[in-house]
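Letter by letter, the chains look like this.
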Amino acid sequence: MQKHVATIAIFAGIILLVLCAQFHILDQYYISVLMFMGVNVILASSLNLVNGYMGEFSCGHGGFMCVGAYVSSICTVLMFSKNHILGAPLLPPQFAFIGFPLALVAGSAASSVAGLVVAIPSFKTRGDYLAIITLAANYIVISAINNMEIIGGPRGFMGMSATERAMQSMLDIPWVLIFVLLGTVFTVWLLRRFVSSTLGKGVPAICQDEIAAEIMSVDTNRMKLIAFMLSSGLAGLAGGLYAQVLGYVNPQSFDIMRSTEVMVMVYLGGMGSLSGAAIAAILYTVLMEALRFLDVWKWVVIPLLLILLMQFRPEGIMGNKELSDLFPKLRKYYSFK
Amino acid sequence: MITGGGPIPEVPARFVLRRGLARTHPRRKAVPRHAARKHHFKAKVPLVEIFQNILNALQFGSFYALIALGYTLVYGVLRLINFAHGDIFMVGAYLAYFVAVTLLGIGGLNLGLHMDPGLALAITVPVTMILTALVGVTLERTAYRPLRRKGADRLYVVITALMAGLVLENGNLALLGASRKRFPDMIDKVIWNLHGVTVTNLKVIVIVASILVFLLLQFIVTKTKIGMAMRGISYDKFAIPLMGIPLDTIIVVTFVLGSAMAGLAGILFAMSYPILEPYMGALIGWKAFIAAVVGGIGDIRGAIVGGFLLGFIEIGVVAVFPSTLRDLFAFSVLLIILWLRPTGIFGVAQTTKI
Amino acid sequence: MKRMTVKILFAVLALSLGAFALIGCGKDSDTIKVGFNLELTGDIPKVGEASKFAAEMLKEDINSKGGLEVGGKKYKLEFIYQDNEAKAESAVNAALKLINQDGVVAIVGPNSSKQAIPAGATCNDNQVVMVTPWSTNPDTTKDRPWVFRACFLDPFQGPVAVNFAAKQFGAKTAAVIFDIANDYSKGLAEIFKTEWEKKSGAGTVVGFESHGTKDQDFSAQLTKIIAAKPDFIFIPDDYNQVALIVKQAHDLGYKGPFMGSDAWGSAELMTLCGKDCIGQFFSTHYAAAGAQGATKEFIDRFNAKYKYVPDDVAALTWDATRLVLQAIQGAGKVDKDIKTERKLVRDALANIKEFAGITGNMKFAGTGDPQKCAVVVQISPEGKFEFKESVCPE
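Residues numbered from 1 in each chain as written. Chains lettered and ligands numbered in written order. Predicted model: local features only at pLDDT ≥ 70, side-chain atom pairs only at ≥ 80, totals over all residues. Heavy atoms only, no water.

### A closer look at the sheet that holds strand S13 (residues 360-364) of chain C
Residues and elements named next belong to chain C.
For step 1, the next point in the chain: In spatial order, the strands read S12-S13-S14; together these three strands make up an open sheet with antiparallel pairing. The sheet terminates laterally at strand S12 (354-357) and strand S14 (370-371), the two strands that pair on one side only.
For step 2, the next point in the chain: Of the strands in this sheet, S12 and S13 are in contact with helix H11 (residues 312-330), which crosses S12 at around 140°. (Pairing = 2+ DSSP bridges. Helix = DSSP H or I, 4+ residues; strand = E, 2+ residues; numbered from the N terminus. Contact = heavy atoms within 4.5 Å. Axes fitted to C-alpha atoms, helices over the stretch in contact; angles between N-to-C directions.)

Here it is in structure tokens:
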């Protein structure tokens, strides 16, 4: 019984939040912050797989998010809203709540394929040189989208809000919030299962010592391929959700600055700690909103806070520990490792 | 860009008189003498364009090279990607602005100075380089050194550098406001026209400066004792202090050299593109870093070659394709280079002991 | 010890969450909130600043008289300014924040089409009135019943520039350099190209080059343009880029004239561009030098208060905000429910057929776009924008 407590608690939490949104107990602004929080948790925990568990330095996560955001947005817009490419919507609005998750899956799939751009060079290249490849990959993605006139190029792409309206025309509940929360839970669940599986143990093994791992019969190339593709695929999921939350995407919102933010969340939480990444993502989102009154100074204060944190706690909030290591009682309900 | 076979229309004489640009550039004649000849040598036009673009690429590549030198020096010694370097370049440009306007008496500190622009420039260059070096050293002392002492993971130092860059950018925005600054004209602009290829004296200064800086740094690193110590640290950080070499001093010297070069790049950039904004260093910094890696990070020659290579690719792409394809092509080429030579052009693979 | 640190961090996290939940409480029913979505930082900060100054001046005017009278009761005005950093995605965020968090009745801005087109979509989707002072791209208001503007459109401005340049420079060929990441710049460049080729024949736009927003070096594009020997170069770009482009063109040996568009008309253009821009022409919304009547009064007061001559953005913001306020008055009452109130304001705004603004008279034909005159100005040696010509729609 006890092992189901955590699952029940999570779903009860989701239902509670959805009810709060449905009956306007939380206003739209808090809901949107909550949704950004979810997106950030997905981003941070997925990057943590590569930068934390595998010990690589990928600084182009924004690029994969961008691929996912665009692909899933294009799918939803083609399916459910009037657009300049095909004209009328392909599908009637009744299919929106099936079509939207499918679009998210398509976005994730596309961004895992984009992850190959980084995964294949990673067989030969390591460390800082691989970091540059990820950085260049980020630029290439942004630049490629900038040059696609049909999807708005540098001026962005919109029309996703029609999907939400289509879903709401069937049943008036906060659909996007539900999908964001489910996506977040799914990501954390998947990553936890992966790194604790026999197969997934190969990822920290590469971090410790790649050659030793290979001697111990870890297929390092395959592991790298899986880790990079999983990580970028989940980033694509985050992108798809982000696009739907905002109703507008622009290549510039996925540039190096976005990748930097995600990296900050990972290292703030602690390399190789899934709960650390999630906590850091939540903390970061809250900080960004709570310090909004500082205006321009916000972007001075937040980096300074992070520099100070690095000075006093250079391993991040959680180090490489999980919540269950710090609060052993939690282990009764759920094991994080 | 070249249309049909028809003659190129003459500039209307009426307009040449009225526009009076000859006033601002007294050294230039209103209509170049060879303009008429061009009709007969149409094939020459692309050639002129190619030479012009080579010069353009040399100029822009010089900036990449100067900034890449700073990345490469610090990386070579510390194995640290100093992501704040692009912003140190920006700070250099702003410091140059404040020194220049103070000396010229048109803003900044009111010291009642009204110097001749030439003299002011002669003072601005060393003062800016010293001040920028101070900024770089301060950053090293306050942010990087404590982390290094604690033995923190290298990546945390990198994140600290990223954050320090953000502090510099946004601190500048918060303190000085969002308005752009215009860098004053320090030298009289001279435009030489060699058969249709135009060169300004500034362009020549920029290109020559970057080559001189390269030669100087190459000399320091390969021929002096300090340089030997720097190479030693990059080879083995733990054995070098045992040889009686002061590790921290050498690291400070590295930061001084790298930041001073960023300061110099800042001045030259501000003179060539006289509009300063807080984020001017971010993009050029990232690109210079990529250039340094493609050249082989840690190698002075690599920084110069990588910088000019990036300059040539960028200008070359824009000259042939729509300019929006620039980043796409430039980064794809760089990616392919790294794919083929995973440690860059001059880089040497590090051997891992088992 | 370490566990202690972590626990402290958790306490901080919990506290900040709590503090965050407290922000945004407290609402006053005797005020009317109008949101401003402005470019306060980023590439064109002077544009946002001018808008904010003009709005502040208007607010003080009305609040010093006890407030805005709606349905027999006076309401104090509260203007909320959000910075959109001159970025498209930030403009959407700022609009959402104004709508959801601040609960504004209507939004003025963004100014540049680059921000106004996506922000307009957001406002239209959320059913909030948006009036842009300065966005001239047709897409901003197209098929959007909730979006209005206070300026002319690019399909009108393009021909103005074409005709003026053809007459003034006696030009047969033209070249264009524009920012491809900017809706405004790209839209106007394309309209200009079509119009010019309609007038002077196909192939007379000898150079059509683009650049990115953050670019600082335009030498390759300008080399191409100069090699094609155009009679003049049309630059529909923001003033900060204009300063760099004009200088670099001169460095590359170009001696011909430039023609600009309304995005040049910032008070900051001349501080950035200096002597390179002197003598150039651009089309704009009003000419401050030689204005009369209400316009002159506005200019003098603005000048006295903020120590510089207001540019067209300031004047257009004044007009746009007055349009919004007139619509709020026209709604007849302030409804408790914000959604109903927004609807009332939209209907009232759609009913305004004519409006006497300080940037000229506007006629609305039900599309949210006014019909008004454009002027062409020349930059004098003192850096003033001197009136050259006025063009009105038939």
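What follows picks up the thread again.
### Section: the interface of chain C and chain B
For step 1, the next point in the chain: Contacts between the two partners involve 52 residues from chain C and, on the opposite side, 56 residues from chain B.
For step 2, the next point in the chain: Across the chain C to chain B interface the summed buried area is about 4,300 Å²; carbon plus sulfur atoms make up 54%.
For step 3, the next point in the chain: Scanning the region where chain C abuts chain B turns up four salt bridges.
For step 4, the next point in the chain: In this structure, Arg 180 of chain B and Asp 43 of chain C form a salt bridge, with 2.9 Å as the shortest nitrogen-oxygen distance.
For step 5, the next point in the chain: On the surface where chain C and chain B come into contact, there are eleven residue pairs in polar contact (both at pLDDT 80 or more).
For step 6, the next point in the chain: The set of elements that each furnish at least two residues to the side of chain C that touches chain B consists of helix H2 (45-64), helix H5 (154-169), strand S8 (205-211), helix H7 (219-227), helix H8 (239-251) and helix H9 (269-273) of chain C.
For step 7, the next point in the chain: The biggest single contributor to the side of chain C that touches chain B is H8 of chain C, with seven residues.
For step 8, the next point in the chain: Here the side of chain C that touches chain B is composed, by residue class, of 16 nonpolar, 21 polar and 15 charged. (Buried area = accessible area lost by both parts, 1.4 Å probe. Salt bridge = Lys/Arg side-chain N within 4 Å of Asp/Glu carboxyl O. Polar contact = N/O pair within 3.5 Å; in protein donor to acceptor, adjacent residues only side chain to side chain. Nonpolar A, V, L, I, M, F, W, Y, C, P; charged D, E, K, R; others polar.)

### Some thoughts on the pattern of salt bridges
For step 1, the next point in the chain: Using the criterion set out here, one finds 35 salt bridges over all chains in the structure.
For step 2, the next point in the chain: Across the salt bridge formed by Asp 125 of chain C and Arg 165 of chain A, the nearest N and O atoms sit 3.6 Å from each other. With one member in each of two chains, Asp 125 of chain C in helix H4 (residues 113-126) and Arg 165 of chain A in helix H6 (residues 161-170) form a pair that bridges those chains.
For step 3, the next point in the chain: According to the relative accessible area criterion, Asp 125 of chain C is partly exposed, its value standing at 36%.
For step 4, the next point in the chain: With a shortest N-O distance of 3.6 Å, Glu 140 of chain B and Arg 145 of chain B are connected by a salt bridge. (Buried < 20%, exposed > 50% of the residue type's maximum accessible area, 1.4 Å probe, protein only.)

### Some details on the domain arrangement of chain C
A common way to report how large an interface is uses the accessible area buried once the components associate.
All names here are of chain C.
For step 1, the next point in the chain: The assigned domain composition of chain C is domain 1 (31-151 + 291-372) and domain 2 (154-284).
For step 2, the next point in the chain: If you average the C-alpha positions of domain 1 and of domain 2, the two centres end up 29 Å apart.
For step 3, the next point in the chain: With 18 residues of domain 1 at the interface, the matching set in domain 2 holds 21 residues.
For step 4, the next point in the chain: When domain 1 packs against domain 2, close to 1,500 Å² is buried across both sides, 49% of that on carbon and sulfur atoms.
For step 5, the next point in the chain: Among the residues of domain 1 in contact with domain 2, Asp 43, Lys 114 and Thr 136 are the three that bury the most area, contributing 33% of the side total.
For step 6, the next point in the chain: Counting every contact that joins domain 1 to domain 2 gives one salt bridge.
For step 7, the next point in the chain: Note that Asp 43 and Lys 214 form a salt bridge whose closest N and O atoms lie 3.3 Å from each other.
For step 8, the next point in the chain: Summed over the shared surface of domain 1 and domain 2, the result is six residue pairs in polar contact (both at pLDDT 80 or more).
For step 9, the next point in the chain: Counting residues per element, the ones that place at least two in the side of domain 1 that touches domain 2 are H2 and H4. (Domains from an automatic or database assignment.)

### Brief notes about the sheet that holds strand S10 (residues 258-260) of chain C
All names here are of chain C.
For step 1, the next point in the chain: The sheet built from seven strands is open, its strands ordered S8-S7-S9-S10-S11-S15-S16 with mixed pairing. Of all strands in the sheet, those with a lone pairing partner are S8 and strand S16 (385-391), marking the two edges. Strand-to-strand twist across the sheet, computed as the mean angle between neighbouring axes with direction ignored, equals 20°.
For step 2, the next point in the chain: The strands that H5 touches are strand S9 (232-235), S10, strand S11 (281-284), strand S15 (374-379) and S16; relative to S16, the one it contacts most, it runs at about 110°.
For step 3, the next point in the chain: Packed onto the sheet, helix H6 (residues 183-200) meets strand S7 (174-179), S8 and S9 and runs at close to 165° relative to S7.

### Some remarks on the packing of helix H2 (residues 28-53) of chain A against helix H10 (residues 220-246) of chain A
Residue and element names in this part refer to chain A.
For step 1, the next point in the chain: Interaxial distance between H2 and H10 falls to 8 Å at its minimum, and their mutual angle equals 170°. By the angle class used here, H2 and H10 are roughly antiparallel. Judged by the twist between their axes, the crossing of H2 over H10 is left-handed. For the pair formed by H2 and H10, the contact residues are Met 35, Phe 36, Val 39, Ile 42, Leu 43, Ser 46, Leu 47, Leu 49 and Val 50 on the first element and Ala 227, Phe 228, Leu 230, Ser 231, Leu 234, Ala 235, Leu 237, Ala 238, Leu 241, Tyr 242, Val 245 and Leu 246 on the second. (Parallel < 35°, antiparallel > 145°, perpendicular 65-115°, else oblique. Left-handed = near helix turned anticlockwise from the far one by under 90°.)

### Some points on the pairing of S16 of chain C
Residues and elements named next belong to chain C.
For step 1, the next point in the chain: When S15 meets S16, the two strands line up antiparallel, connected through six bridges. Its bridge partner lying in S16, Val 375 is registered against Ser 390.
For step 2, the next point in the chain: Count of turn residues in the S15/S16 antiparallel hairpin: five residues, of which Gly 383 carries a positive phi of about 85°.

### Quick notes on unusual backbone geometry
For step 1, the next point in the chain: Note that the residue after Gly 109 of chain C, namely Pro 110 of chain C, is joined by a cis bond; omega there is -5°.
For step 2, the next point in the chain: By the element assignment, Pro 110 of chain C lies in the loop between strand S4 (106-108) and H4.
For step 3, the next point in the chain: Positive phi outside glycine occurs at Ser 217 of chain A, with the angle close to 65°.
For step 4, the next point in the chain: Note that Ser 217 of chain A resides in the loop between helix H9 (210-215) and H10.

### Things to note about the side chain of Glu 169 of chain B
For step 1, the next point in the chain: With respect to the helices and strands, the residue Glu 169 of chain B is situated in helix H6 (residues 154-176).
For step 2, the next point in the chain: Lys 87 of chain C is the oppositely charged side chain nearest to the buried, salt-bridge-free Glu 169 of chain B, at an N-O distance of 8.9 Å.
For step 3, the next point in the chain: Setting aside chain neighbours within four positions, we find Glu 169 of chain B in contact with Asp 87, Met 90, Pro 278, Tyr 279 and Ala 282 of chain B. (Lys, Arg positive; Asp, Glu negative; His and termini not counted.)

### Some thoughts on the packing of aromatic side chains
Residue and element names in this part refer to chain A.
For step 1, the next point in the chain: As enumerated under the stated definition, the model contains 43 aromatic pairs over all chains in all.
For step 2, the next point in the chain: Residues Phe 186 and Trp 189 carry aromatic rings whose centres are separated by 6.3 Å and whose planes lie at 35° to one another, so their mutual orientation is tilted. Placement of the pair is Phe 186 and Trp 189 together in helix H7 (residues 175-196), with a separation of three residues, close to one helical turn.
For step 3, the next point in the chain: Trp 189 sits in the partly exposed class, given a relative accessible area of 42%. (Phe/Tyr/Trp six-rings, centres within 6.5 Å; stacked < 30°, edge-to-face > 60°.)

### Points about the packing of H2 of chain C against helix H10 (residues 293-306) of chain C
All names here are of chain C.
For step 1, the next point in the chain: Contact geometry of H2 with H10 gives a least axis separation of 11 Å together with a crossing angle of 105°. Of the possible angle classes, the one that applies to H2 and H10 is roughly perpendicular. Residues Ala 50, Phe 53, Ala 54, Glu 56, Met 57, Glu 60 and Asp 61 of H2 touch H10, and the partners they reach there are Phe 298, Arg 301, Phe 302, Lys 305 and Tyr 306.
For step 2, the next point in the chain: Partitioned by chemical class, the residues of the contact of H2 with H10 number seven nonpolar, no polar and five charged.

### Some points on the environment of Ile 123 of chain B
All names here are of chain B.
For step 1, the next point in the chain: Here Ile 123 shows up in helix H5 (residues 117-150).
For step 2, the next point in the chain: A relative accessible area of 30% places Ile 123 in the partly exposed class.
For step 3, the next point in the chain: In this structure, Ile 123 is in contact with Leu 103 and Met 115, ignoring residues within four places of it in sequence.

### Notes on H8 of chain C
All names here are of chain C.
For step 1, the next point in the chain: Compared with the 18 Å implied by 1.5 Å per residue over 13 residues, the 19 Å span of H8 between its first and last C-alpha is a close match.
For step 2, the next point in the chain: Counted residue by residue, H8 has 13 buried out of 13 residues, so it is predominantly covered.
For step 3, the next point in the chain: Directly beyond the C-terminal end of H8, a positive phi value near 95° is found at Gly 253. (Expected span 1.5 Å × (residues − 1).)

### Points about the state of the cysteines
Residue and element names in this part refer to chain C.
For step 1, the next point in the chain: On inspection of all chains with the given rule, the structure shows two disulfides over all chains.
For step 2, the next point in the chain: Paired by a disulfide, Cys 273 and Cys 277 hold their sulfur atoms 2.0 Å apart. Its torsion about the S-S bond being 80°, the disulfide of Cys 273 and Cys 277 is classed as right-handed.
For step 3, the next point in the chain: Counting its disulfide-bonded cysteines in sequence order, chain C shows a connectivity of 1-2, 3-4. (Disulfide = S-S within 2.5 Å.)

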